[in-house]
Amino acid sequence: MQTSQEQPALPAPPAAASTSVTPAPRVPLGAFGPLDDSVKRRDLRRMKLVATGFLVGATIVFLVGRYLELHVGAGWGYMRSAGEAGMVGALADWFAVTALFRRPLSLPIPHTAIIPTKKDQIGNSLGDFVGENFLSEGVVRDKLERVGIASRVASWISQREHADRLTAELATAARGIVTVLRDEDVQDVIEQVLVRKLLEKPIGPPLGKVLEGVLADGAHHRLVDLVCDRAYDWVTANQSTVLRIVHERAPGWTPRFVDEMLADKVFSEVQNFAWAVKTDPEHPMRKAVDTFLIEFAGDLQNDEATIARAEQVKQQVVDHPDVQAFIGQAWGTVKRMILDAADDPSSALRTRVRDGIQGFGHRLASDDELRGKIDGWIADAAGYVVRHYRGEITTLITDTVARWDAEETSRKIELQVGRDLQFIRINGTVVGALAGLVIYAVSQLIFF
């Protein structure tokens, strides 16, 4: 017997009509997938005619055999018995097949029209069958273990063309998400959530803790070195400014040469002091700066007055018009960056994403422990889903079947599998004829 997926080869249409024939539309048919209804219907009618032809043939064999048995000789009883049994087998199987989809001859015979009358029970049984045999945790875990998802993913994404494809899909998704989001909604989130959260939390303690860590690591020394270098350079380049200040502050009765001597002396001392601070890492001035910064970091964390001053500065910064303008334009800037990067295959963002995906694939392919962890996570997630939501998943089957119209469901199922069921009628005719022949022959051997 052929399966429901096999179809006989259809005859090619005449060449003259080939240009005018429109292919039949492929119509989705519930859970059975897209089918060409016209082709299925034609095949079903053809197989019904073939099965009925076997019944007609068995009837003719019976009538001819009976006539010859009566008028020629008893030997024709073999033919008559074969035809008679073939008729019985054909009619019995016709009844069985027909009873699946409708009431034979429209007679209210019990246990007929099984599919229309038992549609909901069939749906429930199908859901239970799928749940118990396909959605059990053991079956799912065993299947995932044999599939080796992590290995397959690693092999796939480690290839350049696949990493490019995945990156393109991610770019398309990012572009879609960014496009769908309303600018005013995102802006509201930035202003009402992020900025508000920033204002709600005191900035002093975390800032003091960060500063304390920087000071402990000595990372601030480079900044102090830069300030000292710039201070020395400024003093050296501004000798005239020092002289001018001395002249302005000196008493009017002092001679000019005295002012110049004093100015030179002051400039020389300031320059020497700046040079000493610049070149001596252990200079007391540097130590004083370190002490001040350490105390300031502690005050930011513990001194209420310093914390309050930090909050005031934070509020002033946030309220500044330039900062408000930056916050207002932040999403637009980020959005343009994302869209530009998503549209440009050679953008730095897409290149980094692709390299990251490919690199992860190589690492996953070479790291057995990582693959084991990922496979375990996937198995645990799948097990959790089928353990807690198997009923909801199988409900999809039962609810879908329950919404189908009973008669339409019967027609759809018959259209899908009815062609193959006609082979039951054909086989019943042939097997019945052979069985009748064997039974008649055995009876002749026993009783005659």
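Definitions and cut-offs
- Residues numbered from 1 in each chain as written.
- Predicted model: local features only at pLDDT ≥ 70, side-chain atom pairs only at ≥ 80, totals over all residues.
- Heavy atoms only, no water.
- Helix = DSSP H or I, 4+ residues; strand = E, 2+ residues; numbered from the N terminus.
- Buried < 20%, exposed > 50% of the residue type's maximum accessible area, 1.4 Å probe, protein only.
- Contact = heavy atoms within 4.5 Å.
- Areas by Shrake-Rupley, 256 points an atom, 1.4 Å probe, with all protein chains shown as cover.
- Patch = residues over 30% accessible without salt bridge, like charges linked within 9 Å, V, L, I, M, F, W, Y side chains within 5 Å.
- Salt bridge = Lys/Arg side-chain N within 4 Å of Asp/Glu carboxyl O.
- Lys, Arg positive; Asp, Glu negative; His and termini not counted.
- Charge placed at Lys NZ, Arg CZ, Asp CG, Glu CD.
- Axes fitted to C-alpha atoms, helices over the stretch in contact; angles between N-to-C directions.
- Parallel < 35°, antiparallel > 145°, perpendicular 65-115°, else oblique.
- Left-handed = near helix turned anticlockwise from the far one by under 90°.
- Nonpolar A, V, L, I, M, F, W, Y, C, P; charged D, E, K, R; others polar.
- Core = buried A, V, L, I, M, F, W, Y, C linked by side-chain atoms within 4.5 Å.
- Expected span 1.5 Å × (residues − 1).
- Bend = angle between axes of the 7 residues up to and from the residue.
- Polar contact = N/O pair within 3.5 Å; in protein donor to acceptor, adjacent residues only side chain to side chain.
- pLDDT = per-residue confidence, 0-100.
- UniProt positions renumbered as here; feature names shortened; annotations may be inferred.
- Phe/Tyr/Trp six-rings, centres within 6.5 Å; stacked < 30°, edge-to-face > 60°.

Attention shifts here to the overall build of the protein. A tally of helices and strands in the protein yields 18 helices and 2 strands. Residues counted as buried form 30% of the 448 residues belonging to the protein. Contacts spanning at least 24 positions in sequence make up 72% of the contacts within the protein whose residues lie at least 6 apart. In the form shown here, the protein has an accessible surface area of approximately 29100 Å², with 63% of it arising from carbon and sulfur atoms.

A few words on a positive patch on the surface. On the surface, Arg41, Arg42, Arg45 and Arg46 cluster together into a patch of positive charge. Its place among the elements puts Arg41 in helix 1 (residues 37–71). Arg41 gets classed as partly exposed once you look at its relative accessible area, which sits at 38%.

For the pair helix 6 (residues 149–157) and helix 16 (residues 348–366), interaxial distance at closest approach is 8 Å and the crossing angle is 135 degrees. By the criterion of interaxial angle, the relationship of helix 6 to helix 16 is oblique. The two elements helix 6 and helix 16 cross, and the hand of that crossing is left-handed. Contacts from Ala150, Ala154 and Ile157 of helix 6 reach helix 16 at Ile357, Gln358, Phe360, Gly361, Leu364 and Ala365. Here the contact of helix 6 with helix 16 is composed, by residue class, of 7 nonpolar, 2 polar and no charged.

Moving on, we get to the packing of helix 1 against helix 2 (residues 77–101). Where helix 1 contacts helix 2, the two axes come as close as 7 Å, and the packing angle between them is 150 degrees. It follows from the interaxial angle that helix 1 and helix 2 lie roughly antiparallel. With respect to the hand of their crossing, helix 1 and helix 2 are arranged in left-handed fashion. Contacts between helix 1 and helix 2 pair Leu55, Ala58, Thr59, Val61, Phe62, Val64, Gly65, Arg66 and Glu69 from the former with Gly77, Met79, Arg80, Gly83, Glu84, Gly86, Met87, Ala90 and Leu91 from the latter. Of the residues contributing to the contact of helix 1 with helix 2, the split by class is 9 nonpolar, 5 polar and 4 charged.

Within the largest apolar cluster, 6 residues are counted, these being Val130, Leu135, Val140, Leu144, Ala382 and Val386. Of all the secondary structure elements, the ones that give two or more residues to this core are helix 5 (137–147) and helix 17 (368–403). Beyond its immediate sequence surroundings of up to four residues, Ala382 is in contact with Val140 and Leu144.

Once that is clear, we can look at helix 18 (residues 406–447). With 42 residues, helix 18 should cover 62 Å at 1.5 Å per step; its first-to-last C-alpha distance of 53 Å lies more than 12% under that length. For helix 18, the principal kink sits at Gly418 and spans about 60 degrees. Capping the start of helix 18 is the job of one residue whose side-chain oxygen sits 3.2 Å from the backbone nitrogen of Glu407: Asp405.

On to the confidence of the model for the protein, then. In the predicted model, the protein carries a mean pLDDT of 81, and the fraction of residues at 70 or more is 88%. Within the protein, the lowest mean pLDDT, 38, falls on strand 1 (residues 26–28), and the highest, 92, falls on helix 2. For residues 1–35, every residue scores under 50 in pLDDT, and the model assigns this stretch 48 contacts once sequence neighbours within four places are set aside.

On to the pattern of salt bridges, then. Applying the stated criterion across every chain, the model contains 21 salt bridges. One salt bridge connects Arg80 with Glu69, and the closest N-O pair in it is separated by 2.9 Å. Remark: Glu69 occurs in helix 1 and Arg80 occurs in helix 2; sequence separation between them is 11 residues. A relative accessible area of 15% places Arg80 in the buried class. Judged by its relative accessible area of 16%, Glu69 is buried.

Time to look at the UniProt feature "transmembrane region" (unreviewed entry) in the protein. What UniProt calls "transmembrane region" (unreviewed entry) maps, in this numbering, to residues 49–68 and 426–447. Helix makes up 100% of residues 49–68 and strand makes up 0%, while its end C-alpha atoms are separated by 28 Å.

Scanning all chains against the criterion turns up 5 aromatic pairs. Ring centres of Tyr78 and Tyr440 lie 5.0 Å apart, and the angle between their planes is 85 degrees; on these two criteria the pair is classed as edge-to-face. Taken together, the residues span a long stretch of sequence, with Tyr78 in helix 2 and Tyr440 in helix 18 at a distance of 362 residues. You can call Tyr78 partly exposed: its relative accessible area is 35%. For Tyr440, a relative accessible area of 12% translates into the label buried. Centre to centre, the rings of Tyr232 and Trp275 are 5.2 Å apart; their planes meet at 55 degrees, and the pair counts as tilted. Note that Tyr232 is positioned in helix 10 (residues 221–237) and Trp275 in helix 12 (residues 256–279), a separation of 43 residues in sequence. Residue Trp275 is classed as partly exposed on the basis of its relative accessible area of 43%.

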